[in-house]
Amino acid sequence: MSTANQIDIDWKWWDAQTRTLKALNSGDYDLVVYRGGYGAGKTILGTRWIIQTALERPKSDNLILAPDSQKGAPATYKTFFQQLPGQDTVPDEGGDPENSPIVENYHGTKRRCTLVNGAIIRLGSADRWNRYAGSEFNAIYGDEVAHYENTSLYKLHRMTSSRQRTEQGPNVMLWTSTGNGFNDFYDITERQVNAEGEPLSWADYMRVIVADSRDNPFLNEREKYERMYADTQSEEQALGGGFAAAEGLVYKQFSRQTHVVDAEKIGDSIQVSDAFRIYGYDAGWNDARVMLEIGKTSYDQYICLDHFYEYESQIEDVADPNEPGGTYLYDKPKGVIHSEHEPAHIDKFRRAGWKATKADKNISAGIEHIRGLLKSDGEGRPGLLVSDVCTELIKEFVEYKEDDVGTKGATDHALDALRYALFTHETREHQKPKPVFGRNY
């Protein structure tokens, strides 16, 4: 390609990259996703596309997003600088982006690169989904999107899409990433469902291209990658552009196929006792307030039937002795609430007619108990099922990592409520946890 100053840039592409560029240039999509294994040329594709878009649109404003600024410096940002034409353009290697013939100015503190045609390329981060809510962008590129661990991809997509309404265009967003467990990125690009598990309303305006690293003719380390990942549990993710369970998960035994059930089958093929209910409550503080409803199947399996999971909510939304009709627990089957240790809340539950107790909050023992329940008996029945309406609980199961346990920033509110209910029920009702389907653990 040639720039406004007739600087020739001779970029070579392989098939999967070419198909992605065709989708980006088609005008048919708001979001294009290039999902590939290690070495599929994801970041190279994204940064080159932003450079090309900026060169073709004078005075345009374009954005590159890394997971956060710390991770972006040695990876996303460095690749961007490397793709600029010219020599010694990487700041961390003693170079200067202004050595490139297409760069007019680079502001290191603001991470803003201004090209000779007045186009701007910003090197940003996705650690806050609303960070760029007041700006408009011609093109947006998100690198390693599956690793935006502190960001709701649904909120990020909604915000960034609304920021693309420029006259010049192309008003399209590119995401590139490997898989990273079964998180928002998986739900959007593979299952194509929203945060509630319903079909994406905008799925027709998204194109997903899947790339297998072994097909990349520019990958010098192909044989090395094959030796490392072929015939391992990570092969589909590391090479094929698919998904595998994230490393270091607390509940790695949990899977959608085994533990999640269709709510419409409950009461039909899945019989639930009307005589048994327990509830788990997590007060939330500045996080989500959670109440889980748990029953038992005819096979003596615990089953999470429903949940209240709301941010910026009040205890009165869950139970209110003065206004019971508009609360979550109104008309729910009676059972014991195993609660977060908040005396005022426990008192409110009791005044609303519920038996409520302080939960046993032993983290390590409670986690081991839940792990035991996730195991299956000799006939393949797990000790714990989850209705697919419990979307937030499912999401926490597939994202909760060992490094998050006991930390203030962990998103484990529903899992805490589950642990309170099930572990406390076993320790209080039976003095000690009983074996699951005849097993000790």
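Given the structure is predicted, the values throughout are model-derived calculations rather than measurements.

Participant: Before we go on, may I ask you to explain the confidence of the model for the chain in this structure?
Facilitator: It should be kept in mind that the predicted coordinates are not to be read in detail where pLDDT is low. Averaged over all residues, the pLDDT of the chain equals 90, while 95% of them reach at least 70. Considering only residues more than four positions removed or in separate chains, one finds that residues 437–441, a stretch of pLDDT under 50, has 20 contacts.

Participant: Looking at this model, I keep getting lost on helix 1 (residues 15–26). Mind explaining?
Facilitator: Because each turn of an α-helix spans 3.6 residues, side chains separated by three or four positions in sequence point in the same direction. Spanning 12 residues, helix 1 covers 16 Å between terminal C-alpha atoms, matching the ideal 16 Å at 1.5 Å per step. Turning to helix 1, its buried residues number three or more, namely Ala16, Gln17, Thr20, Leu21, Ala23 and Leu24. Seen from one end, helix 1 has its buried residues packed into an arc of 160°, which puts them on one side. Summarising the geometry of helix 1, the exposed residues directed more than 90 degrees from the buried face are Lys22 and Asn25. Packed against the buried residues of helix 1 are strand 1 (31–36), helix 2 (42–56), strand 7 (172–177) and strand 8 (206–211).

Participant: Please clarify how the packing of aromatic side chains should be interpreted in this entry.
Facilitator: Where two aromatic rings form a pair, the distance of their centres and the angle of their planes describe that pair. With the rule as written, the count across this model stands at 17 aromatic pairs. With centroids separated by 6.2 Å and ring planes inclined at 70°, the aromatic side chains of Tyr309 and Tyr311 adopt a geometry described as edge-to-face. Here Tyr309 falls in the buried class, since its relative accessible area comes to 11%. For Tyr311, a relative accessible area of 44% translates into the label partly exposed. The ring of Phe276 has Lys296 lying over it, and the distance from NZ or CZ to the ring centre is 5.1 Å. The residue whose ring lies beneath Arg381 is Tyr299, and the NZ or CZ to ring-centre distance is 3.6 Å.

Participant: I would appreciate a short explanation of the pattern of salt bridges in the present structure.
Facilitator: Close approach of charged atoms lets side chains of opposite charge pair. Tallying each qualifying case throughout the model produces 24 salt bridges. In this structure, the salt-bridge partner of Asp61 is Arg122, at a minimum N-O distance of 2.9 Å. Here Arg122 lies in strand 5 (residues 120–125) and Asp61 lies in strand 2 (residues 61–66), a separation of 61 residues in the sequence. In this structure Asp61 comes out as buried when scored by relative accessible area, which is 15%. For Arg122, a relative accessible area of 26% puts it in the partly exposed group.

Participant: I'm lost on the packing of helix 2 against helix 3 (residues 69–83) in this one. Help?
Facilitator: Each pair of packed helices can be described by the angle between their axes along with the distance between the axes. As a packed pair, helix 2 and helix 3 sit with axes 9 Å apart at the nearest point and diverge in direction by 55°. The angle between the axes of helix 2 and helix 3 places the two elements in the oblique class. Note on packing geometry: the crossing formed by helix 2 with helix 3 is right-handed. Along the contact surface, helix 2 presents Thr43, Ile44, Thr47, Arg48 and Ile51, while helix 3 presents Thr76, Thr79, Phe80 and Gln83. Residue composition of the contact of helix 2 with helix 3, by class: 3 nonpolar, 5 polar and 1 charged.

Participant: Would you mind going over the side chain of Glu396 with me for this structure?
Facilitator: Note that Glu396 resides in helix 11 (residues 391–399). The buried charged residue Glu396 lacks any salt bridge partner; its closest oppositely charged side chain belongs to Lys395, at an N-O distance of 8.5 Å. Beyond its immediate chain neighbours, meaning those up to four positions away, Glu396 contacts Tyr309, Thr411, Asp412, His413, Ala414 and Leu415.

Participant: I tried to follow the sheet that holds strand 3 (residues 103–107) on my own but got confused; where do I start?
Facilitator: The pairing of strands in a sheet happens through backbone hydrogen bonds and is either parallel or antiparallel. Read from one edge to the other, the open sheet built from 8 strands follows the order 3-4-5-2-6-7-1-8, with strand pairing classed as mixed. Every interior strand has two partners, whereas the edge strands, strand 3 and strand 8, have only one. Between one strand axis and the next, the sheet turns by 15° as a mean value, whatever way the strands run. Pairing of strand 1 with strand 7 involves 5 bridges; the strand directions are parallel. Bridge pairing in strand 7 links Tyr34 to Thr176. The sheet contacts of helix 2 involve strand 1, strand 2, strand 4 (112–115), strand 5, strand 6 (139–143) and strand 7, and relative to strand 6 the element is tilted by about 165°. Strands strand 1, strand 7 and strand 8 of the sheet are contacted by helix 5 (residues 184–191), whose axis makes an angle of about 105° with strand 1.

Participant: Help me understand the side chain of His307, please; the structure alone is not making it clear to me.
Facilitator: If you trace the backbone, His307 turns up in strand 12 (residues 302–310). Of the polar contacts made by the side chain of His307, one reaches the backbone nitrogen of Glu392; its length is 3.3 Å.

Participant: Just to check I follow, could you spell out the state of the cysteines for this structure?
Facilitator: Applying the stated criterion across every chain yields a total of 0 disulfides. The thiol of Cys304 is unpaired, and the distance to the nearest cysteine sulfur, on Cys390, comes to 3.8 Å.

Participant: Quick question: what am I supposed to make of the pairing of strand 4 here?
Facilitator: As paired elements, strand 3 and strand 4 share 4 bridges and run antiparallel to each other. Across the sheet, residue Asn105 finds its bridge partner in strand 4, namely Thr114. The pairing of strand 4 with strand 5 spans 3 bridges and is classified as antiparallel. The residue bridging Cys113 from the neighbouring strand is Ile121, located in strand 5. Taken together, strand 4 and the strand that follows it, strand 5, pair antiparallel across an intervening segment of 4 residues, in which Gly118 is found at a positive phi of about 85°.

Calculation criteria
Residues numbered from 1 in each chain as written. Predicted model: local features only at pLDDT ≥ 70, side-chain atom pairs only at ≥ 80, totals over all residues. Heavy atoms only, no water. pLDDT = per-residue confidence, 0-100. Contact = heavy atoms within 4.5 Å. Helix = DSSP H or I, 4+ residues; strand = E, 2+ residues; numbered from the N terminus. Expected span 1.5 Å × (residues − 1). Buried < 20%, exposed > 50% of the residue type's maximum accessible area, 1.4 Å probe, protein only. Arc of directions from axis to C-beta. Phe/Tyr/Trp six-rings, centres within 6.5 Å; stacked < 30°, edge-to-face > 60°. Lys NZ or Arg CZ within 6 Å of the ring centre and 35° of its normal. Salt bridge = Lys/Arg side-chain N within 4 Å of Asp/Glu carboxyl O. Axes fitted to C-alpha atoms, helices over the stretch in contact; angles between N-to-C directions. Parallel < 35°, antiparallel > 145°, perpendicular 65-115°, else oblique. Left-handed = near helix turned anticlockwise from the far one by under 90°. Nonpolar A, V, L, I, M, F, W, Y, C, P; charged D, E, K, R; others polar. Lys, Arg positive; Asp, Glu negative; His and termini not counted. Pairing = 2+ DSSP bridges. Polar contact = N/O pair within 3.5 Å; in protein donor to acceptor, adjacent residues only side chain to side chain. Disulfide = S-S within 2.5 Å.

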